[in-house]
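A look at the structure
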Amino acid sequence: MSVFTGSVHRHLGFSCHGAIDVLRRFLDAYGEYMEFCQIQLNYLDWNFQDAKAKVELLNERKIPIWVMEPVRGGRLANLPEEAEKQLRELRPDEKTPAWAFRFLQSVPGVTMVLSGMTSLQQVKDNIDTFAEERPLSQQEFDTIVSIADGMVKGGVLPCTACHYCTSHCPMHLDIPRLLALYNEHIFTGGGFIAPMAIDALPDNKKPSACIACRSCEAVCPQQIKISQAMADFSHKLGLK
């Protein structure tokens, strides 16, 4: 596995929610010609953005994985104190940012890690980390994923993508995907992922197309206030 800092061109990146179906269709059409596929992959997004499914799909096709956002924009370099305590008990000598890279060393198919570095010390730390392979044990892997799941659980809407809502939406919106993007936008405090994904949708499929009829809310097992989420999402993105 290699670590690299800089820009990579002529790659295909899949980092948005709902991209698994797009990735599958693209691989069906062009997978045999691909030398690698770049995806957003880290232990926070293993479940949050379903990176696990993307990894499994690429491994099935034997396509090497290049990783972007390995430390989630620095968010995984500093964890809550209780989380860091758990990790120190497992590996007292491992620095917190290194856990993000050890996680990637444990994921089959990863051959390149693209890590943005803003200081000489970060460069030195990454060199020290990648000087040896120290993949996680199953217990360590499960612990780090559990920590990540706990980080996002309290601040996002509990959509399980059951799709009961979609059959009741008169506007035929892909509500689970929109809620997943809303969760991403809320959790990260903005960023480029959700705006980019929403911008790619036709106007009649964006959250602003919601007419607040609340038909979806009547059948939502999680009792999510979907119409409020769509209105808030539209406001945050400046949609009319």
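Here goes a summary of the coordinates provided. Throughout this document, residue positions are counted from 1 along each chain, in the order its sequence is written. Given that the model is predicted, a residue must reach a pLDDT of at least 70 before its local features are reported, and side-chain atom pairs must reach 80 or more before they are shown or counted; all residues, however, enter totals for whole chains, interfaces and linings. To get the side-chain values, take all heavy atoms of the structure and skip hydrogens and water.

1. Quick word on the nonpolar core
Definition used in this section: a nonpolar core is a set of buried Ala, Val, Leu, Ile, Met, Phe, Trp, Tyr and Cys residues joined via side-chain atoms within 4.5 Å. Note on classification: 1.4 Å probe, protein chains only; a residue is buried when its accessible area is under 20% of the maximum for its type, exposed when over 50%, partly exposed between these limits. Among the nonpolar cores identified, the biggest contains 41 residues, and Leu 41 and Phe 103 are the most heavily contacted of them. Looking at this core element by element, the count peaks at 6 residues for helix H7 (residues 138–153). Ala 194, Ala 197, Cys 220 and Phe 233 belong to the second-largest nonpolar core, a separate cluster that totals 20 residues. Counting from the N terminus, the helices are DSSP H or I runs at least four residues long and the strands are E runs at least two residues long.

2. Observations regarding the pairing of strand S5 (residues 110–114)
Most of S5 sits inside the fold, with 4 of its 5 residues counted as buried. In this sheet, S5 lies alongside strand S4 (residues 65–68) in parallel orientation, the contact comprising 3 bridges. Note on S5: the bridge partner recorded for Val 67 is Val 113. The rule for pairing is simple: two strands pair if DSSP sees at least two bridges between them.

3. Quick notes on the packing of aromatic side chains
Only the six-membered ring of Trp is used, alongside the rings of Phe and Tyr, when aromatic pairs are assigned; centres must lie within 6.5 Å, and planes under 30 degrees apart are stacked while those over 60 apart are edge-to-face, with the rest tilted. For the structure shown, the criterion picks out 9 aromatic pairs. Centroid distance Tyr 43 to Phe 103: 6.0 Å. Interplanar angle 70°. Geometry classified as edge-to-face. In this pair, Tyr 43 is assigned in the loop between strand S3 (37–40) and helix H2 (45–48) and Phe 103 in helix H5 (residues 96–105), connecting sequence segments 60 residues apart. Residue Tyr 43 is classed as buried on the basis of its relative accessible area of 0%. By way of ring pairs, the aromatic residues Tyr 43, Trp 46, Phe 103 and Phe 141 are connected into one cluster.

4. With respect to the environment of Tyr 182
Among the secondary structure elements, Tyr 182 is positioned in helix H8 (residues 175–188). For the pair formed by Tyr 182 and Ile 144, sequence separation is 38 residues and the distance between their alpha carbons is 24 Å. Contact criterion: two residues are considered in contact whenever any of their non-hydrogen atoms come within 4.5 Å of each other. The contact partners of Tyr 182, leaving out residues within four places of it in the chain, are Leu 157, Ala 229, Asp 232 and Phe 233.

5. Considering the layout of surface pockets
Here the term cavity refers to a set of points on a 1 Å grid, laid over the protein atoms alone, in which a 1.4 Å probe fits but cannot get out; the term pocket refers to an open set having protein on both sides within 12 Å along at least five of seven lines, with lining residues being those that place an atom within 4 Å of a point. Grid points are joined across faces, edges and corners, and a volume is the space filled by probe spheres set on the points. The space that makes up the second largest pocket amounts to roughly 590 Å³. For the lining of the second largest pocket, the elements supplying multiple residues, two or more each, are H5 and helix H6 (120–129). Examining the composition of the lining of the second largest pocket, we find that 5 residues originate from one element, H6, more than from any other. Under the scheme applied, nonpolar residues are Ala, Val, Leu, Ile, Met, Phe, Trp, Tyr, Cys and Pro; charged residues are Asp, Glu, Lys and Arg; polar residues are all the others, including Gly. When the residues that make up the lining of the second largest pocket are grouped by side-chain class, the tally is 10 nonpolar, 10 polar and 7 charged.

6. Details of unusual backbone geometry
Its identity is not glycine, yet Lys 62 carries a phi of approximately 55°, on the positive side. With respect to the element layout, Lys 62 can be found in the loop between helix H3 (51–60) and S4. Its identity is not glycine, yet Arg 72 carries a phi of approximately 55°, on the positive side. Mapped onto the secondary structure, Arg 72 falls in the loop between S4 and helix H4 (81–90).

7. Details of the environment of Val 113
As for its position among the elements, Val 113 is in strand S5. The spatial distance from the C-alpha of Val 113 to the C-alpha of Leu 23 is 20 Å, given a sequence separation of 90 residues.

8. Points about the side chain of Glu 217
Along the chain, the position of Glu 217 falls in the loop between helix H9 (193–199) and helix H10 (226–237). Within the local environment of Glu 217, its side chain forms a polar contact with the side chain of Ser 227, the two groups lying 2.6 Å apart. Leaving out residues up to four positions away in the same chain, Glu 217 has contacts with Ile 224, Lys 225, Ile 226, Ser 227 and Gln 228. Any N or O atom pair separated by 3.5 Å or less is treated as a polar contact, with the protein-specific requirement of one donor-capable and one acceptor-capable atom, and with residues adjacent in sequence counted only for side-chain atom pairs.

9. Brief notes about the pairing of S3
Regular strands show a simple pattern: their side chains alternate between the two faces of the sheet. By the alternation rule, side chains of S3 split into Cys 37 and Ile 39 and Gln 38 and Gln 40, which are all buried. As paired elements, S3 and S4 share 4 bridges and run parallel to each other. In the sheet register, Gln 38 faces S4, and the bridge partner there is Trp 66.

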